[in-house]
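# Summary of the model geometry
Next come the chains, spelled out residue by residue.
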Amino acid sequence: MEKYILNQKKEMLDLIEQLVNIDSGSYYKKGIDRVAEILIKQFREMSFQVTIKKNKRYGNNVVIEYEKNKETDILLVAHMDTVFPEGTVSERPFTIKGTRAYGPGVIDMKSSLVTLLYAIKALHHQHNNAYKNVTIILNSDEEIGSPTSRKLIEEVSATKKYALIMEPARKDGSIVSERRGGGKYILSVKGKAAHSGVSPEEGKSAIEELAHKIIKLQQLNNAQKGISINVGMIEGGNAVNVVPSEAKGMVDVRITSSDQAKYVRKRIEEICAKPDIKGTNITLKGGINRLPLELNKANKKLLQVIQDAADSIGIELKAVHTGGGSDASFPANLGVATMDGLGPVGGGLHNEDEYLEIDSLTERCFLLAETISRLSE
């Protein structure tokens, strides 16, 4: 199997180049659907059956399985969207410099899509029936919180034993065994406008009310427990000489354990339930939409299988905790043994220096194929 994968390296890079050179930002449906078409064609050539879950606004989500409705043990999830808007590819298309490949979405996660495909191809080529034991979801909206694909992932996860999430490995090659959960809130305040020079006493400052709320929200931070509350954006007011009638704050929330979700949600709602400035009104929208990926007993067993597979092919594999969220939260919090970061190695995610370590491409493809094989025994 290793020899087969090594022989496909150029072909894999060529496909990555093709995918990277398609703009597929989360809001660019045309590009995402084009990425899906290319991958679907490859899976159908191996007799996989494809179900397209159509979306009007976002790209379509895709479910791939060898036999439709057949019971499988393993769920593989990879997203086709990137954070980059239409036109980015024309500014900086796929390039190779030394041992690295560059381009928008090259590591997050166009290379992972190719890694997944060729791991399945390798099993298929070896007549290893493990490739029939997987259900694959290619989703279109992970970078914006998976608004259309979350329900699909949870529905498919319900019957699975294992979930392997194809986010990239860390810079040092580590996979991801733990992730923080989190969500976003929007706090909108309505006050009463008045001239700040002529009749300031008639006004009710929405900005002043928002300021009270910001201070209270920021006080929920607890670095020791891994709770982070960040009011990262604010807006309000129309003119410097007018008591502002409107203000808005955008709040980012991160939690480290599932039991923190209820506490943080309750405290935020309590803080925003009553105004500090009489005469103002507060509207709170949003919530915690991703619970953490925790290293529980089931996940530890899955991690050991992956590390044993890595040992067998000469990879010293570590696992790390990361603060960012991913689709791993959804199967994990349904009790499915879940591990993340199964893609190739790279860095610079979400910026113009994003890169793939080319030599890790075949290595992580082999690791994924070996892991699928072992989980299917």
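What counts, and where the lines are drawn
- Residues numbered from 1 in each chain as written.
- Predicted model: local features only at pLDDT ≥ 70, side-chain atom pairs only at ≥ 80, totals over all residues.
- Heavy atoms only, no water.
- Helix = DSSP H or I, 4+ residues; strand = E, 2+ residues; numbered from the N terminus.
- Buried < 20%, exposed > 50% of the residue type's maximum accessible area, 1.4 Å probe, protein only.
- Areas by Shrake-Rupley, 256 points an atom, 1.4 Å probe, with all protein chains shown as cover.
- Core = buried A, V, L, I, M, F, W, Y, C linked by side-chain atoms within 4.5 Å.
- Contact = heavy atoms within 4.5 Å.
- Axes fitted to C-alpha atoms, helices over the stretch in contact; angles between N-to-C directions.
- Parallel < 35°, antiparallel > 145°, perpendicular 65-115°, else oblique.
- Nonpolar A, V, L, I, M, F, W, Y, C, P; charged D, E, K, R; others polar.
- Expected span 1.5 Å × (residues − 1).
- 1 Å grid on protein atoms, 1.4 Å probe; cavity = no way out; pocket = protein on both sides within 12 Å on 5 of 7 lines; lining within 4 Å.
- Points joined across faces, edges and corners; volume = space filled by probe spheres on them.
- Phe/Tyr/Trp six-rings, centres within 6.5 Å; stacked < 30°, edge-to-face > 60°.
- Lys NZ or Arg CZ within 6 Å of the ring centre and 35° of its normal.
- Pairing = 2+ DSSP bridges.

Now for the overall build of the protein chain. The secondary structure content of the protein chain amounts to 11 helices and 18 strands. Taken over the C-alpha atoms alone, the protein chain extends approximately 80 × 45 × 40 Å along its principal axes. Going through the 377 residues of the protein chain one by one, you find that 53% of them count as buried. By element, 47% of the accessible surface of the protein chain is carried by carbon and sulfur atoms, the whole surface being about 17,200 Å².

Judged by nonpolar contacts, the single largest core of 68 residues is most densely connected at Leu-76, Ile-120, Leu-164 and Ile-372. The leading source of residues in this core is helix H5 (residues 106-125), at 12 residues. Ignoring anything within four residues of it in the chain, the contact list for Leu-164 reads Ile-74, Leu-75, Leu-76, Val-77, Leu-302, Ile-306, Met-339, Leu-342, Leu-368, Thr-371, Ile-372 and Leu-375. If you look at the next biggest cluster of nonpolar residues, it comprises 22 residues, including Tyr-185, Leu-210, Ile-227 and Ile-268.

In contact at an axis separation of 10 Å, helix H2 (residues 9-20) and helix H3 (residues 29-44) are set at 155° when each is read in the N-to-C sense. One way to sum up the angle between H2 and H3 is to call them roughly antiparallel. On H3, the residues that touch Leu-15, Gln-18 and Leu-19 of H2 are Arg-34, Val-35, Ile-38, Leu-39 and Gln-42. When its residues are assigned to classes, the contact of H2 with H3 shows five nonpolar, two polar and one charged.

We now examine helix H11 (residues 359-375). For H11, which comprises 17 residues, the first-to-last C-alpha distance of 25 Å matches the rise-based estimate of 24 Å (1.5 Å per residue) to within 8%. Counting buried residues in H11 gives 14 out of 17 residues, a clear majority hidden from the surface.

The volume enclosed by the largest pocket comes to roughly 590 Å³. Forming the walls of the largest pocket are 27 residues, and the residues nearest its centre are Glu-142, Arg-254, Arg-290, Gly-324 and Gly-325. Top contributing element to the lining of the largest pocket by residue count: strand S9 (residues 181-190), with four residues. Per-class residue counts for the lining of the largest pocket are four nonpolar, 12 polar and 11 charged.

Attention now moves to the packing of H3 against H5. For the pair H3 and H5, interaxial distance at closest approach is 11 Å and the crossing angle is 10°. Between H3 and H5, the angle is such that the two are roughly parallel. Taken together, the residues of H5 that come into contact with H3 (itself represented by Val-35, Leu-39, Gln-42 and Phe-43) are Lys-110, Leu-113, Leu-116, Leu-117, Ile-120 and Lys-121. Here the contact of H3 with H5 is built from residues that sort into seven nonpolar, one polar and two charged.

Right, let's get into H3. An ideal rise of 1.5 Å per residue puts 22 Å on 16 residues; H3 measures up with 22 Å between its terminal C-alpha atoms. Within H3, burial applies to Gly-31, Ile-32, Asp-33, Val-35, Ala-36, Ile-38, Leu-39, Ile-40, Gln-42 and Phe-43. The secondary structure elements touched by the buried residues of H3 are H2, strand S1 (49-53), strand S2 (61-65), H5 and strand S6 (134-139).

Now for the environment of Gly-98. Note that Gly-98 resides in the loop between strand S4 (95-97) and strand S5 (100-102). Considered as a pair, Gly-98 and Gln-18 are 80 residues apart in the sequence and their alpha carbons are 19 Å apart.

Secondary-structure assignment places Gln-260 in helix H8 (residues 259-273). Judged by relative accessible area, which is 10%, Gln-260 ranks as buried. In this structure, Gln-260 is in contact with Lys-225, Gly-226, Ile-227 and Ile-255, ignoring residues within four places of it in sequence.

Time to look at the packing of aromatic side chains. Within this structure, the stated rule accounts for six aromatic pairs. With a centroid separation of 6.0 Å and an interplanar angle of 45°, the aromatic rings of Tyr-27 and Tyr-58 are classed as tilted. Here the residue Tyr-27 occupies a position in the loop between H2 and H3, and Tyr-58 occupies one in the loop between S1 and S2, the gap between them amounting to 31 residues. A relative accessible area of 12% means that Tyr-58 is categorised as buried. A connected cluster of aromatic rings, assembled from ring pairs, spans Phe-43, Phe-48, Tyr-66 and Tyr-131. Cation over ring: Arg-92 sits above Phe-84, and NZ or CZ is 4.8 Å from the ring centre.

Turning our attention to the sheet that holds S5. Read from one edge to the other, the open sheet built from four strands follows the order S4-S5-S18-S17, with strand pairing classed as antiparallel. Two strands in the sheet have a free side with no partner beyond their single neighbour: S4 and strand S17 (346-347). Pairing analysis gives three bridges linking S5 to strand S18 (residues 355-357), with the strands arranged antiparallel. Residue Arg-100 lies in a different strand from S18, and its bridge partner there is Glu-357. Packing of H5 onto the sheet brings it into contact with S5, S17 and S18, and relative to S18 it is tilted by some 50°.

On to empty space enclosed by the protein. Overall, the coordinates contain one cavity of 30 Å³ or more when judged by the stated rule. Size it by volume and the largest cavity reaches roughly 30 Å³. Val-20, Ile-22, Asp-23, Ser-24, Gly-25, Thr-82, Phe-84, Val-89, Pro-104 and Lys-110 together form the lining of the largest cavity. The residue inventory of the lining of the largest cavity, partitioned by class, reads five nonpolar, three polar and two charged.

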